[in-house]
Amino acid sequence: TDPDTIGAASGLAQDLGRLDQALELDEYAVARDPLNPARHGSLGYDFTRMGRLDEAIASYRTALSLSPGRVGTQYNIGEALLRKGDAAAALGTMQLEADENWRLMGVTMAQFSLGKKAESDATLAELISKYEKDSAYNIAYVMAFRRENDRAFEWLDKAVAYHDTGLVEISDDPMFANVRDDPRWLPFLRKIGKAPEQLAKI
């Protein structure tokens, strides 16, 4: 019944793409420990991956209310707003993110969604110059979001080379939606052991 242990189990379920199970675990953990911002953040993650974006935003906002300035949470809200099609609100939210790395990722995508390609290019260049080795996985999905498939796969290969731990989340990451039909997608997942049939065997 320990919420931290349940949270760790949820994290494993998330990485295996078993979102229904992750959600059940996170709802249990939140009920046991309702003042824990990490548990609300994990619940928001589940809702985000399941496309339940309003519920995701609500969970992330609860996490922020419990831990103002929580790293990455303004970004998470902004990402959900982007997926809802509200790029202007997403940009405003991303700009509130205290962590520069997350902020640059989010602002790059929001600017692109608003048709501000030159500004998005400049922000992306800053992101790469400062955080290439820390955020190759994230840069890959920024490229995918911008429909730059070739560059997305280049950055996924860099993420492998840099041992980027973000790769554990790739199986159901909605930010790669634009490249899922690319013939390189499934071979890449198989290369890193994250293809659906590989996960199903675990």
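Here goes a summary of the coordinates provided. (Residues numbered from 1 in each chain as written. Predicted model: local features only at pLDDT ≥ 70, side-chain atom pairs only at ≥ 80, totals over all residues. Heavy atoms only, no water.)

So, about the overall build of the chain. Regarding its fold elements, the chain presents 12 helices and 0 strands. When its helices and strands are written in sequence order, the chain yields α-α-α-α-α-α-α-α-α-α-α-α. Compactness check: the chain gives a C-alpha radius of gyration of 17 Å against a globular reference of 17 Å for 202 residues, within 12% of the reference. With the principal axes as the frame, the chain shows a C-alpha extent of 50 × 40 × 25 Å. Put simply, the chain has 202 residues, and 50% of those count as buried. Sequence-distant contacts in the chain: of pairs separated by 6 or more residues, those separated by 24 or more amount to 54%. Within the structure as shown, the chain displays about 9400 Å² of accessible surface, and the carbon and sulfur contribution to it stands at 52%. (Helix = DSSP H or I, 4+ residues; strand = E, 2+ residues; numbered from the N terminus. Rg over C-alpha atoms; globule rule 2.2 N^0.38 Å. Buried < 20%, exposed > 50% of the residue type's maximum accessible area, 1.4 Å probe, protein only. Contact = heavy atoms within 4.5 Å. Areas by Shrake-Rupley, 256 points an atom, 1.4 Å probe, with all protein chains shown as cover.)

Quick look at the nonpolar core now. In globular proteins that are soluble, nonpolar side chains generally tend to be buried together. Core analysis: the largest hydrophobic core is formed by 51 residues, its most contacted members being Tyr141, Leu156, Ile170 and Phe176. Sort the elements by how many residues they give to this core and helix H9 (residues 136-145) lands first, with 9 residues. Once residues lying within four places of it in the same chain are set aside, the contact partners of Phe176 are Tyr137, Ala140, Tyr141, Ala144, Leu156, Ile170 and Trp185. (Core = buried A, V, L, I, M, F, W, Y, C linked by side-chain atoms within 4.5 Å.)

Glancing now at the packing of helix H3 (residues 37-49) against helix H4 (residues 53-66). Interhelical geometry of H3 versus H4 gives an angle of 165° and a closest axis separation of 8 Å. By the angle between their axes, H3 is roughly antiparallel relative to H4. Remark: the crossing between H3 and H4 carries left-handed chirality. Across the interface between the two elements, Pro37, His40, Gly41, Leu43, Gly44, Tyr45, Phe47 and Thr48 from H3 touch Leu53, Glu55, Ala56, Ser59, Tyr60, Thr62, Ala63 and Leu66 from H4. Residues belonging to the contact of H3 with H4 are distributed by class as follows: 9 nonpolar, 6 polar and 1 charged. (Axes fitted to C-alpha atoms, helices over the stretch in contact; angles between N-to-C directions. Parallel < 35°, antiparallel > 145°, perpendicular 65-115°, else oblique. Left-handed = near helix turned anticlockwise from the far one by under 90°. Nonpolar A, V, L, I, M, F, W, Y, C, P; charged D, E, K, R; others polar.)

It is worth spelling out the environment of Met143 at this point. By the element assignment, Met143 lies in helix H9. Assessed through its relative accessible area of 0%, Met143 is described here as buried. Expressed as a C-alpha distance, the spacing of Met143 and Val179, which sit 36 residues apart in the sequence, is 9.7 Å.

When you line up the elements, Thr48 lands in helix H3. On the basis of relative accessibility, which here comes to 4%, the residue Thr48 falls in the buried class. Residues contacting Thr48, with those up to four places away along its chain left out, are Leu53, Ala56, Tyr60, Glu79, Arg83 and Pro174.

Looking now at the packing of aromatic side chains. A full pass over the atoms with the stated rule returns 5 aromatic pairs. Aromatic pair Tyr141 and Phe176: ring centres 5.9 Å apart, planes at 85°, arrangement edge-to-face. Of this pair, Tyr141 sits in helix H9 while Phe176 sits in the loop between helix H10 (149-161) and helix H11 (185-191), and the two are 35 residues apart along the sequence. The same class applies to Tyr141 and to Phe176, which are both buried. Through a chain of ring-to-ring contacts, three or more aromatic side chains come together here, namely Tyr137, Tyr141, Phe176 and Trp185. Taking the ring centre of Trp155 as reference, the NZ or CZ of Lys158 above it sits at 4.0 Å. (Phe/Tyr/Trp six-rings, centres within 6.5 Å; stacked < 30°, edge-to-face > 60°. Lys NZ or Arg CZ within 6 Å of the ring centre and 35° of its normal.)

The next thing to look at is unusual backbone geometry. For Arg147, which is not glycine, the phi dihedral falls at a positive 60°. A positive phi angle, close to 55°, is found at His163, a residue other than glycine. Checked against the element boundaries, His163 lands in the loop between H10 and H11.

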